[in-house]
Amino acid sequence: MENPQVLIIMGSDSDVPVMEEAAKALDAFGVTWEMRVASAHRSPKKAADLASNAAARGVKAIIAGAGVAAHLAGVLAAETILPVIAVPMPGGALNGVDALYSMVQMPGGIPVATMAIGKAGAKNAGLFAVQILALGDAAMAGRLVEYKASMAEEVEAKDRALQVKLGRA
């Protein structure tokens, strides 16, 4: 895609099943995205080029998924002024905790917003990117308000069903 609003970058193609959750969240709000593989360690020049050229292409936020040492988000953040949202990948010896620690311990001056490990984190990364974009898009902000209201309605419906099941309704 020539002018995506969000750039999703992951360290390996094995991260695709997790990072697809970010893409689904973006799709739900009509946000255009591009998904790429670039490694902070195996292809650092490519990673740096993707980040440093993103703003000129119209990208407004970058979502970075990586595991183990998880330096990708920091490398990208060092190369752009765009917000970078990190998603730690599950797996490895510590099942993603090592990636989480790497992402949340960025040095001062290189901010990275870090989500939860795995699919929930990827979904939230997509939604966080939507929230960033909604700052300048009233229609998108309205869809976010509706989305949050629908989640509350779902909880209320589940509670009503539980009360009926328990014979307390």
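Residues numbered from 1 in each chain as written. Predicted model: local features only at pLDDT ≥ 70, side-chain atom pairs only at ≥ 80, totals over all residues. Heavy atoms only, no water.

**Observations concerning the sheet that holds strand E1 (residues 6–10)**
Here five strands make up an open sheet; going across it, the order is E2-E1-E3-E4-E5 and the pairing parallel. Edge positions in the open sheet fall to strand E2 (33–37) and strand E5 (113–114), since each of these has one partner strand only. Inspection of the sheet shows E1 paired to strand E3 (residues 61–66) by five bridges, in the parallel sense. Its bridge partner being in E3, Leu-7 is matched across the sheet by Ile-62. Here helix H5 (residues 119–134) sits on the sheet and contacts E1, E3, strand E4 (84–88) and E5; the angle it forms with E4, its principal contact strand, is near 170°. (Pairing = 2+ DSSP bridges. Helix = DSSP H or I, 4+ residues; strand = E, 2+ residues; numbered from the N terminus. Contact = heavy atoms within 4.5 Å. Axes fitted to C-alpha atoms, helices over the stretch in contact; angles between N-to-C directions.)

**Thoughts on the domain arrangement of the protein**
If you check the domain split of the protein, you get domain 1 (6–136) and domain 2 (138–168). Taking only C-alpha atoms into account, the centre of domain 1 sits 29 Å from that of domain 2. The interface is formed by nine residues belonging to domain 1 together with seven residues belonging to domain 2. At the boundary of domain 1 with domain 2, total buried surface from both sides reaches about 670 Å², with 71% on carbon and sulfur atoms. When the buried surface of domain 1 facing domain 2 is broken down by residue, Phe-29, Gln-131 and Ala-134 rank first, second and third, together holding 66% of it. (Domains from an automatic or database assignment. Buried area = accessible area lost by both parts, 1.4 Å probe.)

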